[in-house]
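Survey of secondary and tertiary structure
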Amino acid sequence: MDAKRKEAEAQKKTFQYDASTRMSMVNSLTLSAEETEKRLASGEPFVVRFKYPADTDIHVHDLIRGEVVINSNLLDDKVLYKSDGMPTYHLANIVDDHTMKITHVIRGEEWLPSAPLHVMLYKAFGWEAPQFAHLPLLLKPDGNGKLSKRDGDRLGFPVFPLEWHDPKSGEVSSGYRETGYLPEAVVNMLALLGWNPGTEQEIFSLDELVNLFSLEKISKSGAKFSLDKAKWFNHEYIQMKSAQELLPYFTKIMDEKGISYEEDYLLKVIDVIKERLTFPSEFWEQAGFFFVAPTEYSAQDLKKRWKEGTGEKLRVILQLLEQDEVFDMQAAHDRVMEHIKANEWNMGAVLNSLRIGIVGAARGPELFTMINILGVPETRKRTEAVIAAVEG
RNA sequence: GCCGGGUUCGUCUAGUCGGCCUAGGACGUAAGAUUUUCAUUCUUAAAAUCAGGGGUUCGAAUCCCCUACCCGGUACCA
């Protein structure tokens, strides 16, 4: 066989063990029965191959691609049993699936070329073949080709559901769970990669997916993974969750930071902050000031908003905030706004200065909502602190 | 090389039997609005001569052929 292979290579042809060549090879077809027996008995190593019929069109009915036809002359007699006595995947696979009464074989497109062999194998055994569906491949976001785990960590997104430590290489591959993707978001995103129900709906619950999904609606071409779209899905799913449902993500962060908290307080914070989150991990960066008073103030924001006499104005506002027996957010808001207008203060400058004292920078949720959560005493404390820091 | 599969906005896609497609939606991008800030949100816009070329037809993204490109397979791997 080696000789034949070399000969073929010399002629720039690919040698193939098939109907046209097998009769010129040393095998049980060309050897006499006695000779074959003798060699077997002597323990000579051998393999068992599948003998394709000559010049026969083999039809594979694929649920996604329709009828795929290939002529048996183009196929080579695949090894079924290796010389170590072990079956190859092809044999093992169909025996397995048959004994397990598998009805549908759904696998990646890279298996399409070996589907004819499998069909013929079922036929040879006299077994009914299952339905086949060859799925399009997931492609890497940049360029072409199959998505691999290397691409994920190269481009900053996970390809594994869970973080994985390779025990051999010690290599760590990031996981969707650890990165902060919600399971439902990942399922939703993956379902839509290569499949589409034909409507304009994009957000699906698992139940909806189960009901709507059909193999016929799967597209034939490979789909590139999109990091932006994955993030968008995650953001959408975070919005759909209640603060209570999201709580575990954040208690974990609080514990890691070693910050003690009241659960009710945390829930209120989650409610106002979740709309700004794509990943739970962004929580501290967005909401840390609800738990720890700022110690530094954005120099840039101060420069822009803090004017001459701001400290004095802030103290006036604090007094306005302190007027209620029990803080009334709406009333306090109206009072402050009225006062600012009546005195013709620069609204943006004053309120942002107050904000800088509370948050540390000109960012964050609506001002009075924050004061409401933080409480007026804490607001005064922080405001006095920023006045002292800026005006000495 | 050979065989198989694929090819609609930058990306994911709708488009099932040709006419309702002046090719729709979403992500992303841009601009505006809202917001005292940032983010969110909302509105609008740009974005595919349907890979290219031939047919068939009154009419094609949709049917046929050719070409190009991409992907996969071509192992005693799965």
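Just above sits the structure.
Residues numbered from 1 in each chain as written. Chains lettered and ligands numbered in written order. Predicted model: local features only at pLDDT ≥ 70, side-chain atom pairs only at ≥ 80, totals over all residues. Heavy atoms only, no water.

**What about the pattern of salt bridges?**
- Taken as a whole and assessed by the stated rule, the structure comprises 18 salt bridges.
- Ionic pairing is found between Asp-151 and Lys-140, a salt bridge with its closest N-O pair at 3.5 Å. Here the residue Asp-151 occupies a position in helix α5 (residues 149-155), and Lys-140 occupies one in the loop between β7 (138-139) and α5, the gap between them amounting to 11 residues.
- A relative accessible area of 3% places Asp-151 in the buried class.
- Glu-384 is paired through a salt bridge with Arg-380; the nearest N and O atoms lie 2.8 Å apart. Placement of both Glu-384 and Arg-380 in helix α18 (residues 376-391) is noted, with a separation of 4 residues, approximately one turn of the helix. (Salt bridge = Lys/Arg side-chain N within 4 Å of Asp/Glu carboxyl O. Helix = DSSP H or I, 4+ residues; strand = E, 2+ residues; numbered from the N terminus. Buried < 20%, exposed > 50% of the residue type's maximum accessible area, 1.4 Å probe, protein only.)

**What about the nonpolar core?**
- Membership of the largest hydrophobic core comes to 71 residues, with the highest contact counts inside it found for Phe-283, Phe-290, Phe-291 and Leu-321.
- Residue contacts for Phe-290: discarding those within four places in its chain leaves Tyr-265, Val-269, Val-272, Ile-273, Pro-365, Met-370, Ile-373, Leu-374 and Arg-382.
- The next biggest cluster of nonpolar side chains, apart from the first, holds 16 residues, and it includes Phe-50, Val-60, Leu-117 and Met-120. (Core = buried A, V, L, I, M, F, W, Y, C linked by side-chain atoms within 4.5 Å. Contact = heavy atoms within 4.5 Å.)

**Details of helix α15 (residues 329-342)**
- For α15, built from 14 residues, the straight-helix expectation of 20 Å at 1.5 Å per residue is met to within 8% by its first-to-last C-alpha distance of 20 Å.
- Residues of α15 that are buried include every one of Ala-332, Arg-335, Val-336, Met-337 and Ile-340, and no others.
- Near the N-terminus of α15, the side chain that reaches the backbone nitrogen of Gln-330, with its oxygen 3.1 Å away, is that of Asp-328.
- Once α15 ends, the next one or two residues include Glu-344, with phi positive near 55°. (Expected span 1.5 Å × (residues − 1). Polar contact = N/O pair within 3.5 Å; in protein donor to acceptor, adjacent residues only side chain to side chain.)

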